[in-house]
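Given next are the chains, with one letter for each unit.
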Amino acid sequence: MVIAAVADALARHVPPHARLVLGLSGGLDSVVLLHVLLALRDQHPFELQAVHVHHGLSPHADDWADFCARLCASHAVELSIHRVRIARDDAAGIEAAARRERQRIFAALDADFLLTAHQRDDQAETFLLQGLRGAGPKGLAAMAELQSRSGWRPAQLRPLLGVARAALQDYAQSHGLDWVDDESNRDIRYRRNALRQQVMPLLAAHFPGSGATLARAAALQADAANLLDDLARLDAREAIAADRLDCVALGRLSTPRARNLLRYFIEQHGQPMPSARRLDEALHQLRDAQADARVRVRLGAVEVWRFRGGAYLAPLAPDTVQPVVWQGEASLWVPAAGVCVQMEAVTGAGLKRDALTAGEVTLGVRQGGERLRLHAGGPHRSLKNLLQEHAIPPWHRDRLPLLWCNGRLAWAAGIGLDADLLALPGEPGLLPRVAD
């Protein structure tokens, strides 16, 4: 059954001679998967390597890495070991922090497929954990057999997802395999371990076959999630163009359908899904706020803004707001704006080189009250009005890079230069611009 399950997954998803990397922890599941892959390599040719993430959380972590090294060497499988540091007081929690570091390493692998040894009992546990978090169909779908994520070069394949843990134990014992035991798996302070050690056995006692039933429920939720994505793609044809979600089109949809479209919009930008409360607040503001209201709702690491009838996602503004001093560099990082500004040497254009090199030049973002003269003999206009006239989106306004010369605003990106400091024909100039 174990070999057949892996062979079937390879036949459906992996073309011949693909490059596979196995995530090898040294535990039962990944050791069995390595053994099966080696047995199938002749009938389904592929390149195989392994990767081990050394979390350093257990006093036995070095022993596990050594075990994986010996195991791979005995089968002539190339192994890379990555050591990561995880703070025990990480705000995300140890489990989430360890998962984050693994994903960071996996995302950088030079391979076609990353294979992990998640099995059916893992799927059932994930379904329950997601349900207890109040997740919707996408969360309840738990893990997909084949998953390709934004930012990941290798697709992730879980060929054991339909195999019970007991079947893997039988396979390992019948083939005389050795593996390592992670003592933290018995620590019921971790939610998954509490489910595995206490809840799942109780469920199995009262509901025989509950593991398989929960895994099947996850598969049904995956179907529902796919249908919701199909519906969102249909709605997106009328509502989403590039990075803009049309709020009028959003308002024409029923609330569940609008929520589904907003969720899809966020996901397409590669952002994690916010809590249901924050998502509903964003939906309410985008659909129901007054036309001239400034809508800005934080959704984790990004904010959703409404601007001229459209919704946009933007990263949070950097915390640093202090300007930096230019000392003649060809390019200078401006932390407050989160961009690099280049100073291009030109002739008869840009700002007078002599004026800049003789004065104190600083770069930063607006503090309020800035004024700029764009035309010779014209008035000094407030930067606030110029930003509005140039249709600079509001989420760009507070992080727009500015340049001052001796305390005088001389350049605003996307707006223009101080007319009184422009280089004359034939005169050396410096043209500031945001680096690509």
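Residues numbered from 1 in each chain as written. Predicted model: local features only at pLDDT ≥ 70, side-chain atom pairs only at ≥ 80, totals over all residues. Heavy atoms only, no water.

(A) Expanded view of the packing of aromatic side chains. According to the stated counting rule, one finds three aromatic pairs in the structure shown. Ring geometry for Trp305 versus Trp395: centroids 6.0 Å apart, planes at 50 degrees, classification tilted. With Trp305 in strand S10 (residues 302-307) and Trp395 in helix H15 (residues 394-397), this residue pair connects regions lying 90 residues apart in the sequence. The residues Trp305 and Trp395 share a single accessibility class, namely buried. With 5.9 Å between their ring centres and 85 degrees between their planes, Phe307 and Trp395 make a pair best called edge-to-face. Highlighted residues: Phe307 in strand S10 and Trp395 in helix H15, separated in sequence by 88 residues. (Phe/Tyr/Trp six-rings, centres within 6.5 Å; stacked < 30°, edge-to-face > 60°. Helix = DSSP H or I, 4+ residues; strand = E, 2+ residues; numbered from the N terminus. Buried < 20%, exposed > 50% of the residue type's maximum accessible area, 1.4 Å probe, protein only.)

(B) Spatial organisation of the pattern of salt bridges. Counting across every chain of the model gives 27 salt bridges. In this structure, the salt-bridge partner of Arg104 is Glu101, at a minimum N-O distance of 2.8 Å. Highlighted residues: Arg104 and Glu101, both in helix H4 (residues 94-107), separated by three residues, approximately one helical turn. Taking the shortest distance from any N to any O, the salt bridge between Asp230 and Arg233 comes out at 2.7 Å. Of the two residues, Asp230 and Arg233 both sit in helix H9 (residues 210-239), three residues apart, roughly one turn of that helix. Looking at Asp230, the relative accessible area reads 37%, which means it is partly exposed. Overall, Arg233 belongs to the partly exposed group, its relative accessible area being 40%. (Salt bridge = Lys/Arg side-chain N within 4 Å of Asp/Glu carboxyl O.)

(C) Examining the sheet that holds strand S15 (residues 351-352) more closely. Read across the sheet, four strands follow the order S13-S14-S22-S15 without closing on themselves; strand pairing throughout is antiparallel. Single-partner strands in this sheet number two, and they are strand S13 (331-334) and S15. Inspection of the sheet shows S13 paired to strand S14 (residues 339-347) by four bridges, in the antiparallel sense. Residue pairing across strands places Val334 opposite Val339, the latter belonging to S14. (Pairing = 2+ DSSP bridges.)

(D) Representation of the environment of Glu370 within the structure. Structurally, Glu370 is set in the loop between strand S16 (361-364) and strand S17 (371-372). Taking C-alpha positions, Glu370 is 28 Å from Ala311, a pair spaced 59 residues apart along the chain. Not counting the four nearest positions on each side in its chain, Glu370 is found in contact with Arg381, Ser382, Leu383, Trp404 and Leu409. (Contact = heavy atoms within 4.5 Å.)

(E) Summary view of the packing of helix H5 (residues 120-132) against helix H8 (residues 191-206). Axis separation between H5 and H8 bottoms out at 10 Å; the angle between their running directions is 105 degrees. As the angle between them shows, H5 and H8 are arranged roughly perpendicular. Packed against H5, whose contacting residues are Asp122, Ala124, Glu125, Thr126, Leu128 and Leu129, the element H8 presents Arg191, Arg192, Leu195, Arg196, Met200 and Leu203 at the interface. Class assignment for the residues of the contact of H5 with H8 results in six nonpolar, one polar and five charged. (Axes fitted to C-alpha atoms, helices over the stretch in contact; angles between N-to-C directions. Parallel < 35°, antiparallel > 145°, perpendicular 65-115°, else oblique. Nonpolar A, V, L, I, M, F, W, Y, C, P; charged D, E, K, R; others polar.)

(F) Inspection of the sheet that holds S10 at higher detail. Pairing within the open sheet is antiparallel, and its five strands lie in the order S7-S8-S11-S10-S9. Looking at strand neighbours, the two that pair on one side only are strand S7 (240-241) and strand S9 (295-299), the edges of this open sheet. Of the strands in this sheet, S9, S10 and strand S11 (310-315) touch helix H12 (residues 276-288), which is tilted by about 165 degrees from S9.

(G) Summary view of the nonpolar core. Grouped together as the largest cluster of nonpolar side chains are 39 residues, with contacts concentrated most on Val2, Leu10, Leu20, Val32, Leu37 and Leu48. Elements with a minimum of two residues in this core: helix H1 (2-13), strand S1 (18-23), helix H2 (28-40), strand S2 (46-54), helix H3 (61-74), strand S4 (113-115), strand S6 (155-157) and helix H7 (165-174). Examining the composition of this core, we find that nine residues originate from one element, H2, more than from any other. Apart from residues no more than four positions distant in its own chain, Leu48 is found in contact with Leu20, Leu22, Leu34, Leu37, Leu38, Arg41, Val77 and Glu78. In this structure, Ala336, Leu400, Ala410 and Trp411 belong to the second largest nonpolar core, which totals 32 residues. (Core = buried A, V, L, I, M, F, W, Y, C linked by side-chain atoms within 4.5 Å.)

(H) Representation of the pairing of S11 in the model. Counting buried positions along S11 gives five out of six residues, so the element sits mostly inside the fold. Pairing between strand S8 (residues 244-246) and S11: two bridges, direction antiparallel. What sits directly across from Asp246, in S11, is Gly310. Adjacent in sequence and paired antiparallel, S10 and S11 are bridged by two residues, among which Arg308 carries a positive phi angle near 50 degrees.

(I) Spotlight on the packing of H5 against H9. Running from amino to carboxyl end, H5 crosses H9 at an angle of 65 degrees, the nearest separation of the two axes being 8 Å. Compared by their axis directions, H5 and H9 come out roughly perpendicular. When the axes of H5 and H9 are compared, the crossing they make is left-handed. Along its contact with H5, which presents Arg120, Gln123, Ala124, Phe127 and Leu128, the element H9 presents Gly211, Ala212, Leu214, Ala215, Ala217, Ala218 and Gln221. Of the residues assigned to the contact of H5 with H9, the class counts are eight nonpolar, three polar and one charged. (Left-handed = near helix turned anticlockwise from the far one by under 90°.)

(J) Highlighting H5. Taking 1.5 Å as the rise per residue, H5 with 13 residues should run 18 Å; its terminal C-alpha atoms sit 19 Å apart, in good agreement. Within the sequence span of H5, burial applies to Asp122, Gln123, Ala124, Glu125, Thr126, Phe127, Leu128 and Leu129. Elements in contact with the buried residues of H5: H2, helix H6 (137-140), H7, H8 and H9. In this structure Gln119 caps H5, since a side-chain oxygen of it lies 2.8 Å from the backbone nitrogen of Asp121. Looking one or two places after H5, you find Gly134, whose phi comes out positive at around 80 degrees. (Expected span 1.5 Å × (residues − 1). Polar contact = N/O pair within 3.5 Å; in protein donor to acceptor, adjacent residues only side chain to side chain.)

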